[in-house]
Amino acid sequence: MEDCIFCKIIRGEIPCFKIYEDDSVLAFADINPISDGHTLIIPKRHAQNIWEIPEQDLMAIHRASKKIASAIKRALNPAGIVVLQLNGRGVNQVVMHYHLHLMPRAQDGPELPVSCWELKKGDMDRIKEISEKISSEIS
Ligand code: AMP
Ligand code: ZN
């Protein structure tokens, strides 16, 4: 995609701190890191989101995520790693080229806001109804 910032990174028109690359994916450091080691993994073939991305690229990204998460564990010995991926402007996806975030939390680092929410007991009837509604759409 001509104007896509991540496609520009793939084409080498914009620099990045490259962490990993193979035939299908590129991983590089997020320049607004939520924590040390915050890494993005993107498909080389442009797709906006989980609905658009071909399964093959999705698998390549997740294969790479294991490799990179293992490297982060060895390199930084974090307390844990959040794996996060946003789809759509409604959930604050900003760059409309599919990307998987790997966000390590340092041993002595602050809680990551994305991994810290309050558990509130749900309404079981509502949970059941919604689960059935989604399940009935799976082909
Ligand atoms: P989001 O679309 O909300 O999942 O997040 C987009 C992410 O891309 C943000 O965390 C940005 O900091 C990151 N980002 C945007 N432009 C660049 C860039 N040129 N190099 C590295 N990371 C970037
Ligand atoms: Zn793109």
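Scroll up to find the structure.
What counts and what doesn't
- Residues numbered from 1 in each chain as written.
- Chains lettered and ligands numbered in written order.
- Predicted model: local features only at pLDDT ≥ 70, side-chain atom pairs only at ≥ 80, totals over all residues.
- Heavy atoms only, no water.
- Pairing = 2+ DSSP bridges.
- Helix = DSSP H or I, 4+ residues; strand = E, 2+ residues; numbered from the N terminus.
- Buried < 20%, exposed > 50% of the residue type's maximum accessible area, 1.4 Å probe, protein only.
- Contact = heavy atoms within 4.5 Å.
- Patch = residues over 30% accessible without salt bridge, like charges linked within 9 Å, V, L, I, M, F, W, Y side chains within 5 Å.
- Areas by Shrake-Rupley, 256 points an atom, 1.4 Å probe, with all protein chains shown as cover.
- Salt bridge = Lys/Arg side-chain N within 4 Å of Asp/Glu carboxyl O.
- Expected span 1.5 Å × (residues − 1).
- Arc of directions from axis to C-beta.
- Near = heavy atom within 4 Å.
- Polar contact = N/O pair within 3.5 Å; in protein donor to acceptor, adjacent residues only side chain to side chain.
- Nonpolar A, V, L, I, M, F, W, Y, C, P; charged D, E, K, R; others polar.

Participant: So what exactly am I meant to see when it comes to the pairing of strand 1 (residues 18–21) here?
Facilitator: Each regular strand carries side chains that alternate between the two faces of the sheet. In the sheet, strand 1 pairs with strand 2 (residues 25–29) via three bridges, with the strands oriented antiparallel. When the sheet's bridge partners are listed, Y20 is paired in strand 2 with A27. Hairpin connection of strand 1 to strand 2: three residues between the antiparallel strands.

Participant: Got a minute to help me understand the side chain of D57 in this structure?
Facilitator: As for its placement among the helices and strands, D57 is situated in helix 2 (residues 55–76). Residue D57 is classed as buried on the basis of its relative accessible area, which comes to 4%. If sequence neighbours within four positions are ignored, D57 has contacts with S24, P43 and R45.

Participant: Sorry, what's going on with a nonpolar patch on the surface here?
Facilitator: Together, I130, I134 and I138 make up an exposed nonpolar region whose accessible area comes to about 300 Å². On the secondary structure map, I130 appears in helix 3 (residues 124–135). We classify I130 as partly exposed; its relative accessible area is 36%.

Participant: Please clarify how helix 2 should be interpreted in this entry.
Facilitator: Counting along an α-helix, one turn takes 3.6 residues, and residues three or four places apart therefore face a common direction. Between its terminal C-alpha atoms helix 2 stretches 31 Å, which fits the 32 Å expected from 22 residues at 1.5 Å a residue. Residues of helix 2 that are buried: D57, A60, I61, A64, S65, I68 and I72. Projected down its long axis, helix 2 shows its buried positions confined to an angular sector of 145°, all on one face. For helix 2, the exposed residues lying more than 90 degrees away from the buried face are E55, Q56, R63, K66, K73 and R74. Looking at the buried residues of helix 2, the elements they touch are strand 1, strand 2, strand 3 (39–43), strand 4 (80–84) and strand 5 (100–105). In the stretch just after helix 2, N77 is the one whose phi turns positive, near 45°.

Participant: Please explain the site of ligand 1 as it appears in this structure.
Facilitator: In the region of ligand 1, 16 residues are neighbours, and D30, N32, V94, H99 and H101 sit closest. Measuring from an oxygen atom of ligand 1, one finds a side-chain N or O atom of N32 at 2.6 Å. Its free accessible area being 510 Å², ligand 1 has 86% of it covered by the protein chains. Secondary-structure elements contributing two or more residues to the shell around ligand 1 are helix 1 (5–11) and strand 2. Residue contributions to the shell around ligand 1 peak at three residues, all from helix 1. When its residues are assigned to classes, the shell around ligand 1 shows 10 nonpolar, five polar and one charged.

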